[in-house]
Amino acid sequence: MSFIDNLKRTGKNIAQKTSDVVEIQKLNLAISQEKEKVKKIYSQVGEEVYRQFILGNDLGFSDKCSEIAGYEAKIEELQNKIMNLKNTKKCGGCGAEISDDAAFCPKCGTKASS
């Protein structure tokens, strides 16, 4: 074979490998997208299990649900500290953050508690 024939064959191999790399990237992206869909459903299932726990229906995950409840309590405590520093409070009607001295919530109109 001549040098030119070898060069052509090498060029075709490189083009095929490049095409394969692009296809692999597309397939990996599709796999990642499907995995994200699965994670979203896992999250929804977990949220429903926790909701049932809060309603008093133990679906067999009470230890994990209790752990979540502890984390949520800590989050609320930290959020309250932030609101104290910002001189704000939560609206009892809609949950919006409002000024400590607000008489009514500007978002929903609920009378603010003292």
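Given the structure is predicted, the values throughout are model-derived calculations rather than measurements.

Let's talk about the nonpolar core
Then, number 1: Counting six residues, the largest nonpolar core consists of Cys91, Ala96, Ile98, Ala102, Cys105 and Ala112.
Then, number 2: With residues up to four places along the chain from it excluded, the contact list for Cys91 reads Ala96, Ile98, Cys105, Cys108 and Thr110.

Quick notes on the packing of aromatic side chains
Then, number 1: Within the structure shown, the criterion is met by one aromatic pair.
Then, number 2: With a centroid separation of 6.1 Å and an interplanar angle of 25 degrees, the aromatic rings of Tyr50 and Phe53 are classed as stacked. Here Phe53 and Tyr50 lie together in helix α1 (residues 3-54), a separation of three residues that amounts to about one turn.
Then, number 3: For Tyr50, a relative accessible area of 12% gives the class buried.
Then, number 4: Owing to a relative accessible area of 24%, Phe53 belongs among the partly exposed residues under this scheme.

Focus on the pattern of salt bridges
Then, number 1: A full pass over the atoms with the stated rule returns seven salt bridges.
Then, number 2: Here Glu34 makes a salt bridge to Lys37, at a shortest N to O gap of 3.1 Å. In this pair, Glu34 and Lys37 are both assigned in helix α1, three residues apart and thus about one turn of the helix distant.
Then, number 3: Relative accessible area serves as the criterion here: at 45%, Glu34 is assigned to the partly exposed category.
Then, number 4: A relative accessible area of 48% means that Lys37 is categorised as partly exposed.
Then, number 5: Taking the shortest distance from any N to any O, the salt bridge between Lys64 and Glu67 comes out at 3.8 Å. Linking Lys64 with Glu67, this pair stays in helix α2 (residues 62-86), spanning three residues, or about one helical turn.
Then, number 6: Note on Lys64: relative accessible area 48%, which makes it partly exposed.

Section: the confidence of the model for the protein chain
Then, number 1: Chain-level statistics for the protein chain give a pLDDT mean of 90 and a share of 98% at 70 or above.
Then, number 2: α1 is the least confidently modelled element of the protein chain, averaging 89 in pLDDT, while α2 averages 94, the highest of any element.

A word on α1
Owing to its 3.6 residues per turn, the α-helix brings residues three or four apart onto one side.
Then, number 1: The terminal C-alpha atoms of α1, which comprises 52 residues, lie 76 Å apart, in line with the 76 Å expected from a rise of 1.5 Å per residue.
Then, number 2: Backbone geometry just after α1 places Gly56 at a positive phi near 95 degrees.

Here we look at the state of the cysteines
Then, number 1: Scanning the entire structure with this criterion turns up zero disulfides.
Then, number 2: Cysteine Cys105 is unpaired, with the sulfur of Cys91 as its nearest cysteine sulfur at 3.7 Å.
Then, number 3: Given the relative accessible area of 4%, Cys105 is considered buried.

Rules of the game
Residues numbered from 1 in each chain as written. Predicted model: local features only at pLDDT ≥ 70, side-chain atom pairs only at ≥ 80, totals over all residues. Heavy atoms only, no water. Core = buried A, V, L, I, M, F, W, Y, C linked by side-chain atoms within 4.5 Å. Buried < 20%, exposed > 50% of the residue type's maximum accessible area, 1.4 Å probe, protein only. Contact = heavy atoms within 4.5 Å. Phe/Tyr/Trp six-rings, centres within 6.5 Å; stacked < 30°, edge-to-face > 60°. Helix = DSSP H or I, 4+ residues; strand = E, 2+ residues; numbered from the N terminus. Salt bridge = Lys/Arg side-chain N within 4 Å of Asp/Glu carboxyl O. pLDDT = per-residue confidence, 0-100. Expected span 1.5 Å × (residues − 1). Disulfide = S-S within 2.5 Å.

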